[in-house]
Amino acid sequence: MATKQTTTHKIKIKKGDLVKVIAGSSKGVQGVVLQVLVDSNRAIVEGANKVKKHTKPSAANPNGGIIEKEAAINISNIALIDPKTGTPTRVGRKVNADGKIVRIAKKSGEEIK
């Protein structure tokens, strides 16, 4: 069985960013990025794309059962929230006064922390 080949692009979203889901079953949900999976162009967003997972009893979960957790979403289906306006925006890169490359919001030009 062949593994799925994906082309990796420059991922402009990082762990801890506030994002909005713009496509899919969780469309409209805002949340913080918990993890970015660079190899598969996906991210896990807090409160979005919830799935039910059946677990066997273990030391951590002695009863087992069904737990609800976030699944990964494709990077193309999430947009960063502009820190100034609070609306979804694209991300650009710019050299600041110190000579460091920083991420900026395309809508407002505001620097993203």
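The structure presented is a predicted model; accordingly, all values stated were derived computationally and were not measured. (Residues numbered from 1 in each chain as written. Predicted model: local features only at pLDDT ≥ 70, side-chain atom pairs only at ≥ 80, totals over all residues. Heavy atoms only, no water.)

(A) Looking closely at the sheet that holds strand 7 (residues 78–81). The strand order across the open sheet formed by 6 strands is 6-3-2-1-7-8, and the pairing between neighbours is antiparallel. Of all strands in the sheet, those bounded by a partner on one side alone are strand 6 (72–74) and strand 8 (88–89). Pairing of strand 1 (residues 18–21) with strand 2 (residues 30–37), which is carried by 3 bridges, proceeds in the antiparallel orientation. If you follow lysine 20 over to strand 2, its bridge partner there is glutamine 30. (Pairing = 2+ DSSP bridges. Helix = DSSP H or I, 4+ residues; strand = E, 2+ residues; numbered from the N terminus.)

(B) Broad picture of unusual backbone geometry. Within the chain, asparagine 41 stands out as a residue other than glycine whose phi angle is a positive 55°. Assignment of secondary structure puts asparagine 41 in the loop between strand 2 and strand 3 (42–45). Positive phi values are uncommon outside glycine, yet asparagine 49 reaches one of about 55°. With respect to the helices, strands and loops of the structure, asparagine 49 is situated in the loop between strand 3 and strand 4 (50–55).

(C) Focus on the side chain of aspartate 17. Its place among the elements puts aspartate 17 in the segment before strand 1. Of note is the side chain of aspartate 17, whose polar atom sits 2.8 Å from the backbone nitrogen of lysine 14. Apart from residues lying up to four places away in sequence, aspartate 17 is in contact with Lys12, Gly31, Val32, Val33, Leu80, Arg103 and Lys113. (Polar contact = N/O pair within 3.5 Å; in protein donor to acceptor, adjacent residues only side chain to side chain. Contact = heavy atoms within 4.5 Å.)

(D) Quick peek at the pattern of salt bridges. Under the definition given, this model contains 2 salt bridges. The residue aspartate 17 makes a salt bridge to arginine 103 at a minimum N-O spacing of 2.8 Å. You can see aspartate 17 sitting in the segment before strand 1 and its partner arginine 103 sitting in strand 10 (residues 101–105), a full 86 residues away along the chain. In this structure aspartate 17 comes out as buried when scored by relative accessible area, which is 6%. (Salt bridge = Lys/Arg side-chain N within 4 Å of Asp/Glu carboxyl O. Buried < 20%, exposed > 50% of the residue type's maximum accessible area, 1.4 Å probe, protein only.)

(E) Region of the structure containing the pairing of strand 7. As paired elements, strand 1 and strand 7 share 3 bridges and run antiparallel to each other. Residue pairing in the sheet places valine 19 in a bridge with leucine 80 of strand 7. Bridging between strand 7 and strand 8 involves 2 bridges; their strand directions are antiparallel. Bridging from a neighbouring strand, isoleucine 81 pairs with proline 88 of strand 8. A loop of 6 residues connects strand 7 with strand 8, the two strands running antiparallel in sequence, and glycine 86 in this loop sits at a positive phi of about 80°.

(F) Structural detail: the environment of glycine 109. Relative to the helices and strands, glycine 109 resides in the segment after strand 10. Exposure remark for glycine 109: the relative accessible area of 43% places this residue in the partly exposed category. Along the chain, glycine 109 and proline 83 lie 26 residues apart, while their C-alpha atoms are 9.9 Å from each other.

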